[in-house]
Amino acid sequence: MTTPSRTALLVSRDLFFISKVTGTASSLGIELRVAAEAQSAAQLANAETFQCIFIDLADDGLNVSEFFANLKAGWTVPVVAFGSHVATARLQAAREAGCTDVMPRSRFSASLPELLQKYCV
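Trainee: How would you summarise the nonpolar core if you had to cite specific residues and measurements?
Mentor: Core analysis: the largest hydrophobic core is formed by 22 residues, its most contacted members being Leu9, Ile53, Ile55, Leu57 and Phe67. The set of elements that each furnish at least two residues to this core consists of strand E1 (7–11), helix H2 (38–47), strand E3 (52–56), helix H3 (64–69), strand E4 (79–83) and helix H4 (88–97). Broken down by element, the residue count for this core peaks at five residues, all from H2. In this view, phenylalanine 67 contacts Ala38, Ala41, Ala42, Ile53, Ile55, Trp75 and Val79; residues no more than four positions away in its chain are not counted. Ala25, Cys52, Val80 and Leu115 belong to the second-largest nonpolar core, a separate cluster that totals 19 residues.

Trainee: Tell me about the confidence of the model for the protein, residues and numbers included.
Mentor: Looking at the protein, pLDDT values average 90 and 97% of them are 70 or higher. The lowest-confidence element of the protein is H3, averaging 86 in pLDDT; the highest-confidence one is strand E5 (residues 101–104), averaging 96.

Trainee: Give a description of the packing of aromatic side chains that names residues and reports values.
Mentor: Under the defined criterion, the tally for this structure stands at six aromatic pairs. Here phenylalanine 54 and phenylalanine 108 contribute two aromatic rings whose centre-to-centre distance is 5.4 Å and whose plane-to-plane angle is 65 degrees, an arrangement assigned as edge-to-face. Of this pair, phenylalanine 54 sits in strand E3 while phenylalanine 108 sits in helix H5 (residues 105–110); the two residues are 54 residues apart in sequence, bridging distant segments of the chain. Neither residue differs from the other here; phenylalanine 54 and phenylalanine 108 are each classed as buried. Between phenylalanine 82 and phenylalanine 108, the ring centres sit 3.9 Å apart and the planes meet at 10 degrees, which makes this aromatic pair stacked. Taken as a pair, phenylalanine 82 in strand E4 and phenylalanine 108 in helix H5 lie far apart in primary sequence, 26 residues in all. Pair check on accessibility: phenylalanine 82 and phenylalanine 108 agree, each one buried.

Trainee: Would you mind going over the pattern of salt bridges in detail, with residue names and values included?
Mentor: For the coordinates displayed, the defined rule picks out five salt bridges. Aspartate 59 serves as the salt-bridge partner of arginine 13, at 3.1 Å between the closest nitrogen and oxygen. Residue arginine 13 is found in the loop between E1 and helix H1 (15–27), and its partner aspartate 59 is found in the loop between E3 and H3; the two are separated by 46 residues along the sequence. We note a salt bridge from aspartate 56 to arginine 105, for which the minimum N-O separation is 3.0 Å. Of this pair, aspartate 56 sits in strand E3 while arginine 105 sits in helix H5; the two residues are 49 residues apart in sequence, bridging distant segments of the chain. Members of the salt-bridge network, linked through shared partners, are Asp14, Asp56 and Arg105.

Trainee: Residues and numbers for the sheet that holds E1, please.
Mentor: Sheet architecture is open: five strands sit in the order E2-E1-E3-E4-E5, paired in parallel fashion. Lying at the two open borders of the sheet, with one neighbouring strand each, are strand E2 (31–35) and E5. Adjacent strand axes in the sheet meet at a mean angle of 20 degrees, parallel and antiparallel pairs treated alike. Of the pairings in the sheet, the one linking E4 to E5 comprises four bridges and is parallel in character. In the strand pairing of E5, glycine 83 is matched with proline 104. The strands that H2 touches are E1, E2 and E3; relative to E2, the one it contacts most, it runs at about 140 degrees.

About the cut-offs
- Residues numbered from 1 in each chain as written.
- Predicted model: local features only at pLDDT ≥ 70, side-chain atom pairs only at ≥ 80, totals over all residues.
- Heavy atoms only, no water.
- Core = buried A, V, L, I, M, F, W, Y, C linked by side-chain atoms within 4.5 Å.
- Buried < 20%, exposed > 50% of the residue type's maximum accessible area, 1.4 Å probe, protein only.
- Helix = DSSP H or I, 4+ residues; strand = E, 2+ residues; numbered from the N terminus.
- Contact = heavy atoms within 4.5 Å.
- pLDDT = per-residue confidence, 0-100.
- Phe/Tyr/Trp six-rings, centres within 6.5 Å; stacked < 30°, edge-to-face > 60°.
- Salt bridge = Lys/Arg side-chain N within 4 Å of Asp/Glu carboxyl O.
- Pairing = 2+ DSSP bridges.
- Axes fitted to C-alpha atoms, helices over the stretch in contact; angles between N-to-C directions.

Below is the structure:
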C-alpha cells in the first residue's frame, strides 16, 4: 500500500503535540500519519512511502536505534528528531542513530511549517 506524495510520519504519544503537527501539516497539504512507538513506526515506514519522518524524543521508552534497526536495507527517507533541550543524551543518541537532523523541541515547534515544506517535497 502506498500513500499520496507529500506524506510524513510522526512518531509521538503526545496527543496535544500530535494535534499541533497534524494541523500545520494539513494546512500545507501534507498528510500526516502517526505511530506511537518505534516498532510500529518502522513497520509503517517499510510498508508505505513517506517523504520524511519526525520522531518525538520526549517518550523515554522510544528507542531511535531500534527504529533504524527495523528498517529495510537501503532506506533513505530523512528523519528529524526533536526533544527537550536538557535531554542532551537523548538528542546525541538520535544523532548517533542516524537521524538527518536533531533539534530541541522549541526549535522544531517554531520552524514546523518550514521543516514540513523542506522535507515533504
